[in-house]
Amino acid sequence: MKIDFHVHSKEYSPCGVSTIDEQIEAAIAAGLDALAFSNHDRLVPLDRLKRLNDRYAPFRILTGIEVTVIGGEHILVLGLHDLRLEGGQWPYPDLHAFVRDKGAFMVLNHPFRFNAKIEIDYRRFPPDAVEAYASNILNSLRPRILEVAEEIGAPVVSNSDAHILKDIGRNYNE
(Lines give C-alpha, C1' and ligand atoms only; values in the text may rest on other atoms or scores of the structure.)
Protein backbone atom coordinates (compact mmCIF):
# COMPACT_ATOMS: atom_id res chain seq x y z
CA MET A 1 0.00 0.00 0.00
CA LYS A 2 1.36 3.44 -0.99
CA ILE A 3 0.37 6.27 1.38
CA ASP A 4 1.24 9.97 1.49
CA PHE A 5 0.64 11.36 4.99
CA HIS A 6 1.40 15.03 4.28
CA VAL A 7 -0.84 16.78 1.75
CA HIS A 8 -2.29 20.31 1.88
CA SER A 9 -5.45 21.56 0.21
CA LYS A 10 -6.60 24.93 -1.00
CA GLU A 11 -9.73 24.71 1.14
CA TYR A 12 -8.00 24.24 4.49
CA SER A 13 -4.40 25.53 4.21
CA PRO A 14 -3.55 29.14 3.33
CA CYS A 15 -0.57 27.86 1.32
CA GLY A 16 -2.56 25.19 -0.53
CA VAL A 17 -2.96 25.76 -4.27
CA SER A 18 -4.87 22.65 -5.36
CA THR A 19 -8.29 21.50 -4.17
CA ILE A 20 -8.95 18.33 -2.22
CA ASP A 21 -10.54 16.68 -5.25
CA GLU A 22 -7.61 17.67 -7.49
CA GLN A 23 -5.12 16.26 -4.97
CA ILE A 24 -7.05 12.99 -4.62
CA GLU A 25 -7.37 12.55 -8.38
CA ALA A 26 -3.65 13.23 -8.81
CA ALA A 27 -2.84 10.69 -6.07
CA ILE A 28 -4.98 8.03 -7.76
CA ALA A 29 -3.33 8.79 -11.11
CA ALA A 30 0.11 8.50 -9.46
CA GLY A 31 -0.72 5.02 -8.17
CA LEU A 32 -1.16 5.86 -4.50
CA ASP A 33 -3.67 3.95 -2.38
CA ALA A 34 -4.29 6.58 0.31
CA LEU A 35 -3.39 10.02 1.52
CA ALA A 36 -3.88 12.12 4.62
CA PHE A 37 -4.81 15.76 4.37
CA SER A 38 -2.62 17.36 7.00
CA ASN A 39 -3.31 21.04 6.58
CA HIS A 40 -1.66 23.75 8.65
CA ASP A 41 -3.46 23.88 11.99
CA ARG A 42 -6.80 22.84 10.47
CA LEU A 43 -8.61 19.55 10.20
CA VAL A 44 -10.84 18.44 7.35
CA PRO A 45 -14.29 17.98 8.91
CA LEU A 46 -15.21 14.34 9.54
CA ASP A 47 -18.40 14.55 7.47
CA ARG A 48 -16.35 15.78 4.50
CA LEU A 49 -13.84 12.94 4.97
CA LYS A 50 -16.69 10.43 4.99
CA ARG A 51 -18.15 11.83 1.76
CA LEU A 52 -14.71 11.80 0.13
CA ASN A 53 -14.08 8.20 1.19
CA ASP A 54 -17.48 7.16 -0.13
CA ARG A 55 -16.86 8.95 -3.43
CA TYR A 56 -13.31 7.73 -4.07
CA ALA A 57 -13.43 4.19 -2.59
CA PRO A 58 -11.40 2.01 -2.57
CA PHE A 59 -8.90 4.90 -2.36
CA ARG A 60 -8.63 6.01 1.30
CA ILE A 61 -8.56 9.57 2.62
CA LEU A 62 -7.23 9.84 6.18
CA THR A 63 -7.27 12.51 8.84
CA GLY A 64 -4.17 14.43 9.82
CA ILE A 65 -3.06 17.90 10.83
CA GLU A 66 0.24 19.76 10.71
CA VAL A 67 0.41 21.49 14.08
CA THR A 68 2.64 24.53 14.49
CA VAL A 69 4.32 24.37 17.88
CA ILE A 70 5.87 27.26 19.77
CA GLY A 71 9.33 27.68 18.29
CA GLY A 72 8.05 27.21 14.75
CA GLU A 73 8.49 23.49 14.22
CA HIS A 74 5.72 21.58 12.46
CA ILE A 75 4.45 18.34 13.92
CA LEU A 76 2.28 16.04 11.86
CA VAL A 77 -0.42 14.38 13.97
CA LEU A 78 -2.14 11.35 12.46
CA GLY A 79 -5.08 9.33 13.70
CA LEU A 80 -6.58 12.00 15.91
CA HIS A 81 -9.42 14.24 14.83
CA ASP A 82 -9.74 16.64 17.75
CA LEU A 83 -10.59 20.31 17.21
CA ARG A 84 -8.27 21.27 20.08
CA LEU A 85 -5.41 20.62 17.66
CA GLU A 86 -6.50 23.49 15.45
CA GLY A 87 -5.07 26.97 15.76
CA GLY A 88 -1.42 26.11 16.34
CA GLN A 89 1.06 27.49 18.86
CA TRP A 90 1.05 24.47 21.14
CA PRO A 91 3.97 24.09 23.56
CA TYR A 92 5.66 20.94 22.22
CA PRO A 93 5.67 19.02 25.55
CA ASP A 94 1.92 19.67 25.86
CA LEU A 95 1.23 18.48 22.32
CA HIS A 96 3.39 15.40 22.89
CA ALA A 97 1.46 14.52 26.07
CA PHE A 98 -1.90 15.17 24.38
CA VAL A 99 -1.09 12.98 21.37
CA ARG A 100 0.33 10.20 23.56
CA ASP A 101 -2.75 10.29 25.81
CA LYS A 102 -5.00 9.89 22.76
CA GLY A 103 -2.93 7.04 21.27
CA ALA A 104 -2.19 8.94 18.06
CA PHE A 105 0.98 9.19 15.95
CA MET A 106 3.28 12.18 15.54
CA VAL A 107 5.98 13.05 13.02
CA LEU A 108 8.61 15.78 13.15
CA ASN A 109 8.02 17.36 9.74
CA HIS A 110 10.80 18.71 7.52
CA PRO A 111 13.34 19.47 10.28
CA PHE A 112 15.92 22.19 9.57
CA ARG A 113 13.68 23.71 6.88
CA PHE A 114 13.12 26.97 8.77
CA ASN A 115 15.83 26.87 11.44
CA ALA A 116 19.45 25.77 11.60
CA LYS A 117 18.58 23.72 14.69
CA ILE A 118 15.50 21.88 15.84
CA GLU A 119 13.63 24.16 18.24
CA ILE A 120 11.86 21.47 20.29
CA ASP A 121 13.13 19.00 22.88
CA TYR A 122 12.82 15.98 20.57
CA ARG A 123 15.24 13.95 22.71
CA ARG A 124 13.13 14.19 25.86
CA PHE A 125 9.84 14.00 23.95
CA PRO A 126 10.63 11.92 20.86
CA PRO A 127 8.18 11.85 17.97
CA ASP A 128 7.13 8.53 16.45
CA ALA A 129 8.89 9.31 13.16
CA VAL A 130 10.92 11.96 11.38
CA GLU A 131 10.11 13.19 7.89
CA ALA A 132 13.32 12.87 5.87
CA TYR A 133 11.96 12.92 2.34
CA ALA A 134 9.54 15.54 0.99
CA SER A 135 9.31 17.92 -1.94
CA ASN A 136 10.65 20.80 0.16
CA ILE A 137 13.50 19.01 1.96
CA LEU A 138 16.86 19.87 0.46
CA ASN A 139 19.14 16.91 -0.26
CA SER A 140 21.89 18.72 1.65
CA LEU A 141 19.77 18.54 4.85
CA ARG A 142 19.04 14.82 4.62
CA PRO A 143 22.20 13.56 6.43
CA ARG A 144 21.38 15.77 9.44
CA ILE A 145 17.76 14.62 9.42
CA LEU A 146 18.75 10.96 9.22
CA GLU A 147 21.18 11.51 12.09
CA VAL A 148 18.36 12.91 14.26
CA ALA A 149 16.12 9.94 13.43
CA GLU A 150 18.89 7.49 14.27
CA GLU A 151 19.73 9.31 17.50
CA ILE A 152 16.19 8.92 18.84
CA GLY A 153 15.54 5.54 17.23
CA ALA A 154 12.69 6.83 15.08
CA PRO A 155 11.83 5.59 11.60
CA VAL A 156 11.87 8.06 8.73
CA VAL A 157 8.87 8.81 6.56
CA SER A 158 8.61 10.01 3.00
CA ASN A 159 5.76 12.36 2.09
CA SER A 160 5.02 14.82 -0.68
CA ASP A 161 4.16 17.84 1.49
CA ALA A 162 2.16 18.65 -1.63
CA HIS A 163 0.59 22.06 -1.96
CA ILE A 164 0.28 21.70 -5.73
CA LEU A 165 -0.50 18.77 -8.00
CA LYS A 166 3.01 18.28 -9.42
CA ASP A 167 4.29 17.10 -6.03
CA ILE A 168 1.73 14.32 -5.54
CA GLY A 169 3.26 10.87 -5.97
CA ARG A 170 6.90 12.03 -5.75
CA ASN A 171 7.31 10.74 -2.20
CA TYR A 172 5.19 8.27 -0.26
CA ASN A 173 5.36 5.46 2.30
CA GLU A 174 4.89 1.75 1.62
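Residues numbered from 1 in each chain as written. Predicted model: local features only at pLDDT ≥ 70, side-chain atom pairs only at ≥ 80, totals over all residues. Heavy atoms only, no water.

### A look at unusual backbone geometry
Point 1. The omega torsion of the bond from Ala57 to Pro58 falls at 15 degrees, within 30 degrees of zero and hence cis.
Point 2. Residue Asp41 is not a glycine yet carries a positive backbone phi of 60 degrees.
Point 3. Unlike most non-glycine residues, Phe112 shows phi in positive territory, near 70 degrees.

### Let's talk about the pairing of strand β5 (residues 105–108)
Point 1. Examined bridge by bridge, strand β4 (residues 74–78) and β5 share four bridges and lie antiparallel to one another. Note that in β5 the partner of Val77 across the bridge is Met106.
Point 2. The pairing of β5 with strand β6 (residues 129–133) spans two bridges and is classified as parallel. By the bridge assignment, Leu108 is partnered in β6 with Val130. (Pairing = 2+ DSSP bridges. Helix = DSSP H or I, 4+ residues; strand = E, 2+ residues; numbered from the N terminus.)

### A short note on the sheet that holds strand β1 (residues 3–7)
Point 1. Pairing within the open sheet is mixed, and its seven strands lie in the order β1-β2-β3-β4-β5-β6-β7. Sheet topology places β1 and β7 (156–158) at the edges, where each strand pairs with a single neighbour. Looking at each pair of strands side by side, their axes are set apart by 35 degrees on average, direction ignored.
Point 2. Pairing of strand β3 (residues 60–68) with β4, which is carried by five bridges, proceeds in the antiparallel orientation. Opposite Ile65, over in β4, you have Val77 as the bridge partner.
Point 3. The strands that helix α1 (residues 20–29) touches are β1, β2 (34–37) and β3; relative to β2, the one it contacts most, it runs at about 155 degrees. (Axes fitted to C-alpha atoms, helices over the stretch in contact; angles between N-to-C directions. Contact = heavy atoms within 4.5 Å.)

### Brief notes about the packing of aromatic side chains
Two descriptors summarise a pair of aromatic rings, namely the distance from one centre to the other and the angle between the planes of the rings.
Point 1. Across all of its chains, the model carries two aromatic pairs by this definition.
Point 2. Seen from their ring centres, Trp90 and Phe98 are 5.2 Å apart, and the 40 degrees between their planes marks the pair as tilted.
Point 3. Overall, Trp90 belongs to the buried group, its relative accessible area being 15%.
Point 4. Since its relative accessible area comes to 13%, Phe98 is described here as buried. (Phe/Tyr/Trp six-rings, centres within 6.5 Å; stacked < 30°, edge-to-face > 60°. Buried < 20%, exposed > 50% of the residue type's maximum accessible area, 1.4 Å probe, protein only.)

In short, the description is geometric, and any link to function would need to be established separately.
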